[in-house]
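Analysis of the macromolecular model
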Amino acid sequence: MTAHLEVSEGVGIIRLDRPPMNALDIATQDRLRELAEEATRRDDVRAVILWGGEKVFAAGADIKEMQDMDHAAMVVRSRALQDSFTAVARIPKPVVAAVTGYALGGGCELALCADIRIAADNAKLGQPEILLGLIPGAGGTQRLPRLVGPSKAKDLIFTGRQVKADEALAIGLVDKVVPAAEVYEEAHAWAARLAQGPAIALRAAKESIDTGLETDIDTGLAVERNWFAGLFATEDRETGMRSFVEDGPGKANFR
């Protein structure tokens, strides 16, 4: 398998495993969709880590594979490509990307599908598709400007340049930079903490934020309002409020 899902104590690790650079060929793209759908279904997965290993996150699409594809073939394949990444972005649970080494092209687009990105101090990110006479095709033209703003996104996409971890942090492309040896531990600590949180409320928060970014504010407020009221029917809400009243904030044990 070019990628697999490991689960331990509520944390699911979607691990890319296509050495040496985790190039995202068609088989890996399809496998990512399968794993994202599995992580979505499984009740024992409460938070997710995207991880490419200690050396590299993902260096992009398999260029040799794409070189043989004509327009008709890519018309068909481009939807499946986007659907694979969208399945990751729509996992209704907290998702963190642990980025080591290169996250370029499709690798950068995969990291964009996470809720936060923790990067190694040796990481390099970018959208170099323009250097091939292309544009990002797995969501980069949409998710990148939503994250860093249109001007910075255009700079990266127009030039195809790679940014080091410090610049990625400065522009908001990643959320934290740590030594390479600590990336996975940092990501796991974040995921493990949220895996103990109120699962339905976390899902509600993620869906409300993501929907609001994709629509007008009135629609976003309606989604928020419906989720907010609906959470009053959950056991976690009862647990959280009772714990707050009896023991103070931050001490609830959610089931």
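These numbers were taken from a predicted model, which means no experiment stands behind them. (Residues numbered from 1 in each chain as written. Predicted model: local features only at pLDDT ≥ 70, side-chain atom pairs only at ≥ 80, totals over all residues. Heavy atoms only, no water.)

**Looking at the nonpolar core**
L50, F57, V99, L125 and L173 are the most contacted members of the largest nonpolar core, which has 44 residues in total. Counting residues per element, this core draws most heavily on helix α3 (residues 71-89), at five residues. Those residues in contact with V99, other than ones at most four positions away along the chain, are F57, A111, I118, A119, A120, A123, L125 and V183. In terms of nonpolar packing, the next biggest core, distinct from the first, is built from 16 residues, I49, V96, A98 and V178 among them. (Core = buried A, V, L, I, M, F, W, Y, C linked by side-chain atoms within 4.5 Å. Buried < 20%, exposed > 50% of the residue type's maximum accessible area, 1.4 Å probe, protein only. Helix = DSSP H or I, 4+ residues; strand = E, 2+ residues; numbered from the N terminus. Contact = heavy atoms within 4.5 Å.)

**A word on the packing of helix α5 (residues 140-148) against helix α6 (residues 150-159)**
Close contact between α5 and α6 brings their axes to 7 Å; oriented N to C, the two are set at 135 degrees. In terms of orientation, α5 lies oblique with respect to α6. The interaxial crossing formed by α5 with α6 has right-handed handedness. Of α6, the residues touching α5 (which contributes G140, T141, L144, P145 and V148) are P150, K152, A153, L156 and I157. The class makeup of the residues in the contact of α5 with α6 is seven nonpolar, two polar and one charged. (Axes fitted to C-alpha atoms, helices over the stretch in contact; angles between N-to-C directions. Parallel < 35°, antiparallel > 145°, perpendicular 65-115°, else oblique. Left-handed = near helix turned anticlockwise from the far one by under 90°. Nonpolar A, V, L, I, M, F, W, Y, C, P; charged D, E, K, R; others polar.)

**Quick look at the packing of aromatic side chains**
According to the stated counting rule, one finds two aromatic pairs in the structure shown. Aromatic pair W51 and Y184: ring centres 5.1 Å apart, planes at 50 degrees, arrangement tilted. Note that W51 is positioned in strand β3 (residues 47-51) and Y184 in helix α8 (residues 183-195), a separation of 133 residues in sequence. Residue class for W51 comes out buried when judged on its relative accessible area of 11%. (Phe/Tyr/Trp six-rings, centres within 6.5 Å; stacked < 30°, edge-to-face > 60°.)

**Let's talk about the sheet that holds strand β7 (residues 124-126)**
Two strands in a sheet stick together by hydrogen bonds in their backbones, pointing the same way (parallel) or opposite ways (antiparallel). Sheet architecture is open: three strands sit in the order β5-β7-β8, paired in mixed fashion. Either end of the sheet is taken by a strand with one partner, and the two such strands are β5 (102-104) and β8 (162-164). The average undirected angle you get between the axes of adjacent strands in this sheet is 20 degrees. (Pairing = 2+ DSSP bridges.)

**Observations concerning the side chain of K206**
When you line up the elements, K206 lands in helix α9 (residues 199-214). Residue classification places K206 among the buried residues on the basis of a relative accessible area of 9%. A polar contact of 2.6 Å, which involves the side chain of K206, links it to the backbone oxygen of I91. In terms of polar contacts, K206 uses its side chain to reach the backbone carbonyl oxygen of K93, at 2.8 Å. Ignoring any residue separated from it by four or fewer positions in sequence, one finds K206 in contact with A89, I91, P92, K93, V95 and D115. (Polar contact = N/O pair within 3.5 Å; in protein donor to acceptor, adjacent residues only side chain to side chain.)

**So, the pattern of salt bridges**
Inspection of every chain in the model, using the stated rule, returns 14 salt bridges. When the shortest N-O distance is used, the salt bridge between D62 and R18 registers 3.1 Å. Of this pair, D62 sits in the loop between β3 and α2 (63-67) while R18 sits in the loop between β2 (11-16) and α1 (26-41), and the two are 44 residues apart along the sequence. Under the relative-accessibility criterion, D62 is labelled buried at 15%. Across the salt bridge formed by R31 and E34, the nearest N and O atoms sit 3.1 Å from each other. Here R31 and its partner E34 are both found in helix α1, three residues apart, which amounts to about one turn of the helix. (Salt bridge = Lys/Arg side-chain N within 4 Å of Asp/Glu carboxyl O.)

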